[in-house]
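If you want the building blocks of each chain, they are given just below.
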Amino acid sequence: MGNERKKSPPPSFLSQHCAERHDSSNSSSPAAVNSEVSVTYKSQSQSPINSFYSELGISSDSYSRLQQAVKWAEPDRSITNVSMSTSPAHTTFIIANLKDSYQIGEELLVLVHAKDFDNKSKSYGGDFFQAKLFWSKTKASVFGEVRDLLNGSYSVRFFLPWVGEAQVAVRLIHSSEAVQVLKRHRDTNSDRVYFNGYYEGPGPNKTRLSETMKCNVKWDKNGLERTGTGDCCCEYKDPRTGETWRCQRPKSLPCSALVYHSMGGYKNHLTNNDKMLMTQTNKGINGDKSIIKIFHHQNDTNDITEKCRPGLHTPVPAGFYLNDVWTSFVCSTRHFTTQTTTECLRDKHIYMMGDSTLRQWFEFFVKEVPTLKQMNLHVQYQSGPLLAVDVENNIDLHWRAHGVPLRCMKTAIANLHYISNEIDDLAGGPHTVIIFNLGPHFTTYPLEFFTQRVLRIRKAVLALLQRAPDTTVIIKTVNTGYKDIFGSDWYSLQLDRILRWAFQDVGVYILDVWQMTACHYNKEDIHPGPVIIKNEIDILLSFICKN
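These numbers were taken from a predicted model, which means no experiment stands behind them.

Focus on the overall build of the protein
Along the backbone of the protein there are 13 helices and 27 strands. Relative to the 2.2 N^0.38 estimate, which gives 24 Å for 547 residues, the radius of gyration of the protein is 24 Å and therefore close to what a compact globule would have. Once the C-alpha set of the protein is aligned to its principal axes, its extents read approximately 85 × 65 × 40 Å. When burial is assessed residue by residue, the protein has 57% of its 547 residues classed as buried. Long-range contacts, defined here as pairs at least 24 residues apart, represent 76% of the contacts in the protein between residues at least 6 apart. Carbon and sulfur atoms make up 50% of the accessible area of the protein, which amounts to about 22700 Å² in all. Here the protein holds 61 positive side-chain charges and 56 negative ones, and the gap between their average locations is 3 Å.

Set out below in structure tokens:
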């Protein structure tokens, strides 16, 4: 099986759900051109690539690949009625050229036919589907590669990785019309998630004054300009990243009195039509329920011989579950016990930076390694920083939340550090492991803002690997789980593509959890259950301890 897969070139990071043209004669079709490119990127500069990118060593060709990465097909007509949108009840799938039996390592092709609520065939693409092959009795599943044919039809390619039986499941995550709702609100209402800044300081007669003000990213478009203009706000520009956070100016206290940060709230700008389009979310579609029978191949080998190393491509599928155990197709991974986990982490300084989905890994290690003891740093647990130490095995494990924007409980803003600054402050070396992720807290923001944040981290990683090339750097990709206007999987997929684009040539490990969370039988949750976390940790440790 491993040898069979090596014959084909490694697919790009676009292949997870790719609205790309398969017929070159349609290459100029306006229906397939995502307005995100012109609205989000070119508005920054009239030149093909602006100075921010060129200063960070991003070439015009690389910039074009970024534009291609976030391109998404859209309706070729005005949507005047919700009935024109894709109906999960009328949309169907078939298995192409279904055979009585298959051999392990073969591929299965599924075709999806999208229809609207009037049972009329769709003639344009842009629907967001996810698909998996599964068999409940053996707790087996594998992610399917969906391709948009841009005519209302979609193909799904499945690799058959286990011996036994399987069935196909396809979900409509968002219709193409709902995707346009998501895009429009990202472009015009990026302030729909806002934050609180807590100001504290001395008042008259030895009293303490406190004021709570609304805060957000300083960004002069996409709705974020509504925070105010002129002297409305206190601005906090980070001297190293150049990013600016701003809060409405308190009435009594100075700008220097900002002490705490927290999530503020949500603003729902959805129209009635928007709401109706968004209700048809994450719906299973009807199709061929045939049982696929898979047998051994005479030349079958279940061993993936590729050693884990930085820079490896993530194929689709990246692996599969069988009896709740994930087998990776990226490289040769191992399954770790408590003892081998401890041995792997021995003499390591491990720095985790990101969000709560990465904090789950910190929590796993604290629970799994009995000699690893968490310190009480008397901070807000949700945002950290957190520290665990194993003196016996010389392990120190750190986790901290990434810098603002961060949806969290009230926490000291001084504890919220930008990832790029943290990496710049680490010496690195053979005993240092740096793990970071970025995504769920950025879903409402313009792609340009997220791209700039990612590229600053890229610059810091490149500098780290130049001064300490034997440092291990691992990026955890985005989980699936969110399905609403504030955190849809479609938003996350776009961010995931930008992250992969930025680091594809840097020499880091990319740990793909997108497929692992999308195809498991557990109900999707942005914070996946213990079975998925254990399998993620096995891959992580295989990256850290390659021998």
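What follows continues from the structure just given.
Details of the confidence of the model for the protein
Looking at the protein as a whole, the pLDDT averages 90, with 90% of positions reaching at least 70. Long-range and interchain partners of residues 1-48, a stretch whose pLDDT sits below 50, account for 119 contacts in this model, where long-range means more than four residues apart.

Side note on the packing of aromatic side chains
If you walk through the whole model with that rule in mind, you get 19 aromatic pairs. Both rings, one in Phe52 and one in Tyr53, keep their centres 5.7 Å apart while their planes meet at 90°; by these two values the pair is edge-to-face. What makes Phe52 buried here is its relative accessible area of 18%. Take Tyr53: its relative accessible area is 0%, and that puts it in the buried class. Summarising the aromatic geometry, the rings of Trp162 and Phe320 are spaced 6.3 Å apart at their centres and angled 35° between planes, so their arrangement reads as tilted. Taken together, the residues Trp162 in the loop between strand 8 (153-159) and strand 9 (164-174) and Phe320 in strand 18 (residues 319-322) connect sequence positions 158 residues apart. Overall, Trp162 belongs to the buried group, its relative accessible area being 1%. An aromatic cluster of three or more residues is present, and its members are Trp219, Phe442, Tyr445, Phe449 and Phe450. Over the face of the ring belonging to Trp399 we find Arg359, whose NZ or CZ atom lies 5.4 Å from the ring centre.

Re the domain arrangement of the protein
Partitioning the protein into structural domains gives domain 1 (82-182 + 283-295), domain 2 (193-266) and domain 3 (320-544). Spacing between the C-alpha centres of domain 1 and domain 2 amounts to 47 Å.

A short note on the environment of Lys307
Note on placement: Lys307 falls in the loop between strand 17 (292-295) and strand 18. Since its relative accessible area comes to 67%, Lys307 is described here as exposed. A sequence separation of 25 residues divides Lys307 from Ser332, and the C-alpha atoms of the two residues are 5.5 Å apart.

Some words on the packing of helix 5 (residues 176-188) against helix 6 (residues 272-279)
Across the interface, helix 5 lies against helix 6 with an axial gap of 8 Å and an inter-helix angle of 125°. Of the possible angle classes, the one that applies to helix 5 and helix 6 is oblique. The way helix 5 lies across helix 6 gives a crossing that is left-handed. Touching Glu177, Ala178, Val181, Leu182, Arg184 and His185 of helix 5 are Asp274, Leu277 and Met278, all from helix 6.

A closer look at helix 13 (residues 530-544)
For helix 13, built from 15 residues, the straight-helix expectation of 21 Å at 1.5 Å per residue is met to within 8% by its first-to-last C-alpha distance of 21 Å. When you tally the buried positions in helix 13, you get 12 out of 15 residues, the bulk of the element.

Thoughts on the pattern of salt bridges
One side chain can pair with another of opposite charge once the charged atoms of both are near each other. In total, this model carries 28 salt bridges according to the counting rule given. The partner of Glu107 in a salt bridge is Arg157, with the nearest N and O atoms 2.9 Å apart. Separated by 50 residues along the polypeptide, Glu107 in strand 4 (residues 107-113) and Arg157 in strand 8 bring together distant segments of the chain. Overall, the relative accessible area of 46% leaves Glu107 in the partly exposed class. By relative accessible area, Arg157 is classed as partly exposed at 23%. Here Lys483 makes a salt bridge to Asp489, at a shortest N to O gap of 2.6 Å. The burial state of Lys483 is the same as that of Asp489; both residues are buried. Each of Glu107, Glu145, Arg147 and Arg157 takes part in one network of salt bridges that share partners.

Structural notes on unusual backbone geometry
Here the residue pair Val316 and Pro317 is connected by a cis peptide bond, since its omega of 5° sits within 30 degrees of zero. Note that Pro317 resides in the loop between strand 17 and strand 18. For the bond running from Gly384 to Pro385, omega is 10°, close enough to zero to count as cis. Secondary-structure assignment places Pro385 in the loop between strand 21 (373-374) and strand 22 (386-390). With a phi close to 65°, Leu150 is a non-glycine residue in the positive phi region. Here Leu150 shows up in the loop between strand 7 (145-148) and strand 8.

Some remarks on the nonpolar core
Side chains of nonpolar character tend, in soluble globular proteins, to be buried together. Among the nonpolar cores identified, the biggest contains 120 residues, and Met352, Trp361, Phe365, Ile423, Phe436, Val461 and Phe503 are the most heavily contacted of them. It is helix 10 (residues 447-467) that contributes the most residues to this core, 10 residues altogether. Ignoring anything within four residues of it in the chain, the contact list for Ile423 reads Met353, Ile434, Phe436, Ile457, Ala460, Val461, Leu464 and Arg467. In terms of nonpolar packing, the next biggest core, distinct from the first, is built from 31 residues, Leu133, Trp135, Ile292 and Phe329 among them.

Here is what the cut-offs are and how they apply
- Residues numbered from 1 in each chain as written.
- Predicted model: local features only at pLDDT ≥ 70, side-chain atom pairs only at ≥ 80, totals over all residues.
- Heavy atoms only, no water.
- Helix = DSSP H or I, 4+ residues; strand = E, 2+ residues; numbered from the N terminus.
- Rg over C-alpha atoms; globule rule 2.2 N^0.38 Å.
- Buried < 20%, exposed > 50% of the residue type's maximum accessible area, 1.4 Å probe, protein only.
- Contact = heavy atoms within 4.5 Å.
- Areas by Shrake-Rupley, 256 points an atom, 1.4 Å probe, with all protein chains shown as cover.
- Lys, Arg positive; Asp, Glu negative; His and termini not counted.
- Charge placed at Lys NZ, Arg CZ, Asp CG, Glu CD.
- pLDDT = per-residue confidence, 0-100.
- Phe/Tyr/Trp six-rings, centres within 6.5 Å; stacked < 30°, edge-to-face > 60°.
- Lys NZ or Arg CZ within 6 Å of the ring centre and 35° of its normal.
- Domains from an automatic or database assignment.
- Axes fitted to C-alpha atoms, helices over the stretch in contact; angles between N-to-C directions.
- Parallel < 35°, antiparallel > 145°, perpendicular 65-115°, else oblique.
- Left-handed = near helix turned anticlockwise from the far one by under 90°.
- Expected span 1.5 Å × (residues − 1).
- Salt bridge = Lys/Arg side-chain N within 4 Å of Asp/Glu carboxyl O.
- Core = buried A, V, L, I, M, F, W, Y, C linked by side-chain atoms within 4.5 Å.

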